[in-house]
Amino acid sequence: MQTLTTAVAARFASIALGHVGREFPNKLDQVLTGPGDLAGPRALHPIFYGSFDWHSAVHGHWLLARVLRRFPDAAGADEIRAWLAGAFTEAKVAGELAYLARPSAGGFERPYGWAWLLMLQAELAAHETAEGRGWAGALRPLARAFEARFADWLPKATYPTRVGTHGSSAFALALAHRYVAFAADPGFGALLAETAQRWFSEDADARPFETSGVDFLSPTLMEAECLRRLMPGSWFAAWFAAFLPRLDEAEPATLFEPAAVSDRTDGQIAHLDGLNLSRAWCWRHLAEAAPSALQPRLLDAAERHLAVALPHLADHYMGEHWLASFALLALDE
């Protein structure tokens, strides 16, 4: 079974350091209300201006913070510390908050970027060093703003979004769950669980229409992983057995077969490397909750998905600016 070693973690961090400060090319998520709104990425987003888009910059910083916490003496650790110290300042966080406060930014990065920001805050808050606590304290106002957005949005989100891309409701809840212990609202975790149960509890005998040509998440496995995180173990075990009742026959077969990536210079097709990594992440965790007889099959599926994706994390910038974060999820989350 592939594991996260110090050398592998250092490689992931090296990839991230190569793009978190790379401003261009850049794909902005912005509603223009007038000519005064036009500005470059760094002016709009003092922290998260690199990595092609805002959410990738956020999870690039999560990767760096995670590697530093797990491997504080790894190669490149001093460079990571210097970068994070320069990023997480009160002034820069205020700049990010100012963008978020624009009336036209209500739907900015919902829900994918919201969830990754909370994931980043949870990672910083888990640091036991004074510098880590300082970074967490600096970023906390931005995390609180996204926590409030989740609290406002989830009760009125009547239906989930069942996709394998950024709109995935299940992925957002799964990541946001990591933040529950650090939330301002003690009911935040209950809100996530209630929402997940409302959205997904009646689902059974899944017949997935996968793989889609732009997926980087499995809608089917991500839903299961979301509920595994948020619901009690006995409840989940019964639900999972009904949701995917033929896993012992390796069905649905499409979930066990890694996706083929034909062109890694194409940003949409390159998503499929992420699909393989996120499926591996899900399979590993779902194996922990599955009956013992199923575990070897699910773990084998995880390993086969990892094997086809890990060699290609930095083949082209279309994957390089984000894939290492998903590799870290698969190996260490």
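All values derive from a computational prediction rather than experimental measurement.

## What to know about the overall build of the protein chain
Next up, step 1: When its secondary structure is counted, the protein chain shows 15 helices and 0 strands.
Next up, step 2: A compact globule built from 333 residues should have a C-alpha radius of gyration of about 20 Å, and the protein chain, at 19 Å, falls within 12% of that.
Next up, step 3: Evaluated residue by residue, the protein chain yields a buried proportion of 54% over its 333 residues.
Next up, step 4: Intrachain contacts of the protein chain at a sequence separation of at least 6 include 77% that bridge at least 24 residues.
Next up, step 5: Surface exposure of the protein chain reaches about 13200 Å², of which carbon and sulfur atoms provide 55%.
Next up, step 6: Side-chain charges of the protein chain comprise 28 positive and 38 negative groups, with the mean position of each set lying 3 Å from the other.

## Things to note about helix α5 (residues 90-100)
Next up, step 1: All of the buried residues in α5 are V93, E96, Y99 and L100. Relative to the axis of α5, the buried residues are bounded by an arc of 115° and lie together on one face. Facing away from the buried side of α5 by over 90 degrees, the exposed positions are E90 and A91.
Next up, step 2: Turning to α5, the residues buried within the fold contact α2 (41-44), α3 (54-70) and α7 (130-153).

## Observations regarding the pattern of salt bridges
Next up, step 1: All chains considered together, the criterion is met by 23 salt bridges.
Next up, step 2: Among the salt bridges present, the one from E147 reaches R144, with a minimum N-O distance of 3.8 Å. Highlighted residues: E147 and R144, both in helix α7, separated by 3 residues, approximately one helical turn.
Next up, step 3: Among the salt bridges present, the one from D203 reaches R162, with a minimum N-O distance of 2.7 Å. In this pair, D203 sits in the loop between α9 (188-200) and α10 (219-230) while R162 sits in the loop between α7 and α8 (169-176), placing the two residues 41 residues apart along the sequence.
Next up, step 4: Because the salt bridges share partners, they merge into one network encompassing R66, R69, R70, E123, R178, E225, R228, R229, D332 and E333.

## What about the packing of helix α6 (residues 112-125) against α7?
Next up, step 1: Two elements in contact, α6 and α7, have axes whose closest approach is 8 Å; the angle formed by their N-to-C orientations is 145°. Regarding α6 and α7, the two cross each other, and that crossing is left-handed. Taken together, the residues of α7 that come into contact with α6 (itself represented by W114, A115, L117, L118, L120, Q121, L124 and A125) are G132, W135, A136, L139, R140, L142, A143, F146, E147, R149, F150 and W153.
Next up, step 2: Class assignment of the residues belonging to the contact of α6 with α7 gives a composition of 15 nonpolar, 2 polar and 3 charged.

## Digging into helix α1 (residues 6-17)
Next up, step 1: Compared with the 16 Å implied by 1.5 Å per residue over 12 residues, the 16 Å span of α1 between its first and last C-alpha is a close match.
Next up, step 2: Taken together, the buried positions of α1 are occupied by A9, A10, F12, A13, I15, A16 and L17.

Parameters at a glance
- Residues numbered from 1 in each chain as written.
- Predicted model: local features only at pLDDT ≥ 70, side-chain atom pairs only at ≥ 80, totals over all residues.
- Heavy atoms only, no water.
- Helix = DSSP H or I, 4+ residues; strand = E, 2+ residues; numbered from the N terminus.
- Rg over C-alpha atoms; globule rule 2.2 N^0.38 Å.
- Buried < 20%, exposed > 50% of the residue type's maximum accessible area, 1.4 Å probe, protein only.
- Contact = heavy atoms within 4.5 Å.
- Areas by Shrake-Rupley, 256 points an atom, 1.4 Å probe, with all protein chains shown as cover.
- Lys, Arg positive; Asp, Glu negative; His and termini not counted.
- Charge placed at Lys NZ, Arg CZ, Asp CG, Glu CD.
- Arc of directions from axis to C-beta.
- Salt bridge = Lys/Arg side-chain N within 4 Å of Asp/Glu carboxyl O.
- Axes fitted to C-alpha atoms, helices over the stretch in contact; angles between N-to-C directions.
- Left-handed = near helix turned anticlockwise from the far one by under 90°.
- Nonpolar A, V, L, I, M, F, W, Y, C, P; charged D, E, K, R; others polar.
- Expected span 1.5 Å × (residues − 1).

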